[in-house]
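One letter stands for each residue in the lines below.
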Amino acid sequence: MNATLRAYADLLRIQFSFAWPLLFCSGYLLATGLSGPVIWAELLKVALIGFFGFEAGLVLNDYVDREIDKKNAGDNRLTGYWRFFGTRPLAEGLIPPRHALMLFCLFAGIAAVLVLTLPYPHSVYVLLIMAYSYVVEVFYQEEKRIPQVFPFPQVIGRTDFALFPVAGYICAGLPDITAALFFLFFYPFALAHLGVNDLIDEANDRAKGLRTIPTIYDAERTRIWIAGFTVIHIMMAFLFISRLSSLARLGVFAGLALLIVANIIILRQRTPEGALKALPLFHGAMVLYAGGICAGALLGI
């Protein structure tokens, strides 16, 4: 493959690109399952909003961090996991920063145009969430460079990820108790997931001077952070499943089982390698959640 194409594939984390529309559509299909039949053309449009909106956020992430990513301790485990060809294209000079900024504007613009085709007031709500998410992403990336004793950037910053499937829900539904329960279910997962990523990348974050969960506390308390938010996530799941179909509930329970196994691995092995083994289980859980909700809505089970 051409070197430029490889660089763009890594910039977009291309191997995970299926997950973003799946997660976004899970919210949409949860709403349509409650209010009426699925319209396939609308489902495709929602999938494209999820794809372009999330990919724009990934490009924005790399653009903001393009200089600080040049500093690292040489530990490429997390980079190799997230990026198929193991490169950080902006930091390594494989893609000019202005091209990445143009790509962000293009992808965010496509997502915004598609959002504007949604009925009012759904379009307004989704646009507001989209704008908030990009602002919070920049806030998170900048603020974690500042010395602090509590991970406020993480606590605030992960709201964007937790709101992502909620925005999918609001493409067809309205801010209501189901949307709130979806957020409360997914937000602790987002914080636990962040802890796993930070645990793997602790050496690089220390070299960059970033204030992440392990550098604010330590690796041991980061494991407690992950386990604690997993427990809260499980508690929230028992509230959220009251809004789900039978098949969606099975997906949630299967995902929770993966998370329990992931936490056991993290607590037993107590190394970055152990956290790296657990990370795919977190992602598998997310796919089971979203896939179960989608399948339950589409199959009526």
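Definitions and cut-offs
- Residues numbered from 1 in each chain as written.
- Predicted model: local features only at pLDDT ≥ 70, side-chain atom pairs only at ≥ 80, totals over all residues.
- Heavy atoms only, no water.
- Helix = DSSP H or I, 4+ residues; strand = E, 2+ residues; numbered from the N terminus.
- Buried < 20%, exposed > 50% of the residue type's maximum accessible area, 1.4 Å probe, protein only.
- Phe/Tyr/Trp six-rings, centres within 6.5 Å; stacked < 30°, edge-to-face > 60°.
- pLDDT = per-residue confidence, 0-100.
- Core = buried A, V, L, I, M, F, W, Y, C linked by side-chain atoms within 4.5 Å.
- Contact = heavy atoms within 4.5 Å.
- Salt bridge = Lys/Arg side-chain N within 4 Å of Asp/Glu carboxyl O.
- Expected span 1.5 Å × (residues − 1).

### Looking at unusual backbone geometry
Stage number 1. Backbone torsion omega between Tyr 120 and Pro 121 reads 5°, so that peptide bond is classified as cis.
Stage number 2. Looking at where Pro 121 falls in the secondary structure, it is placed in the loop between helix H5 (97–116) and helix H6 (122–143).
Stage number 3. With phi around 50°, Arg 13 is a residue other than glycine that occupies positive phi space.
Stage number 4. Positive phi, normally seen in glycine, also occurs at Arg 270, with a value near 55°.
Stage number 5. Looking at where Arg 270 falls in the secondary structure, it is placed in the loop between helix H13 (246–269) and helix H14 (272–299).
Stage number 6. Overall, the relative accessible area of 40% leaves Arg 270 in the partly exposed class.

### Observations regarding the packing of aromatic side chains
Each aromatic ring pair is summarised here by two numbers: the centre-to-centre distance and the angle between the ring planes.
Stage number 1. The full count for this structure, using the stated rule, is 23 aromatic pairs.
Stage number 2. Their ring planes at 45° and their centres at 6.4 Å tell us that Phe 51 and Phe 107 sit as a pair that is tilted. Taken together, the residues Phe 51 in helix H3 (residues 40–64) and Phe 107 in helix H5 connect sequence positions 56 residues apart.
Stage number 3. Here Phe 51 falls in the partly exposed class, since its relative accessible area comes to 22%.
Stage number 4. Using a relative accessible area of 10% as the deciding quantity, one classes Phe 107 as buried.
Stage number 5. Look at Phe 183 and Tyr 187: their rings are 5.4 Å apart centre to centre, the planes differ by 10°, and that puts the pair in the stacked class. On the criterion of helical spacing, the pair formed by Phe 183 and Tyr 187 is a turn pair, its members being 4 residues apart in helix H9 (residues 177–200).
Stage number 6. Of the residues examined, Tyr 187 reaches a relative accessible area of 17% and is grouped as buried.

### Topic: the confidence of the model for the protein
Stage number 1. Mean pLDDT over the protein: 95, with 99% of residues reaching 70 or higher.
Stage number 2. Of all secondary-structure elements in the protein, the lowest mean pLDDT belongs to helix H2 (residues 19–35), at 91, while H5 reaches the highest, 98.

### Notes on the nonpolar core
Stage number 1. Core analysis: the biggest nonpolar cluster contains 72 residues, and Trp 20 and Phe 282 have the highest contact counts within it.
Stage number 2. The element that contributes the greatest number of residues to this core is H9, accounting for 14 residues.
Stage number 3. Not counting residues up to four positions away in its chain, the partners in contact with Trp 20 are Gly 50, Phe 54, Glu 55, Leu 58, Trp 82, Phe 164 and Met 286.
Stage number 4. Formed by 19 residues, the second largest nonpolar core is a distinct cluster that contains Leu 103, Phe 104, Ala 111 and Tyr 134.

### Re the pattern of salt bridges
Opposite charge on two side chains permits them to pair, given that their charged atoms come into close proximity.
Stage number 1. Overall, the coordinates contain 16 salt bridges when judged by the stated rule.
Stage number 2. One salt bridge in this structure joins Glu 67 and Lys 70, with 3.1 Å as the shortest N-O distance.
Stage number 3. Given the relative accessible area of 47%, Glu 67 is considered partly exposed.
Stage number 4. Taking the shortest distance from any N to any O, the salt bridge between Asp 69 and Arg 88 comes out at 3.2 Å. Here Asp 69, found in the loop between H3 and helix H4 (77–82), pairs with Arg 88, found in the loop between H4 and H5; they are 19 residues apart in sequence, far enough to count as distant. Take Asp 69 and Arg 88: they sit in the same class, and that class is buried.
Stage number 5. The network of salt bridges with common partners includes Arg 13, Asp 62 and Arg 83.

### Things to note about H13
An α-helical turn contains 3.6 residues, so any two residues separated by three or four positions project in the same direction.
Stage number 1. In this model, H13 (24 residues) spans 35 Å end to end at C-alpha, consistent with the 34 Å of a helix rising 1.5 Å per residue.
Stage number 2. Restricting attention to buried positions, one finds in H13 the residues Ala 248, Gly 251, Val 252, Gly 255, Leu 256, Leu 259, Ala 262, Asn 263 and Ile 266.
Stage number 3. At its buried positions, H13 is contacted by H9, helix H12 (219–240) and H14.
Stage number 4. Downstream of H13 by one or two residues, Arg 270 has phi in the positive range, about 55°.

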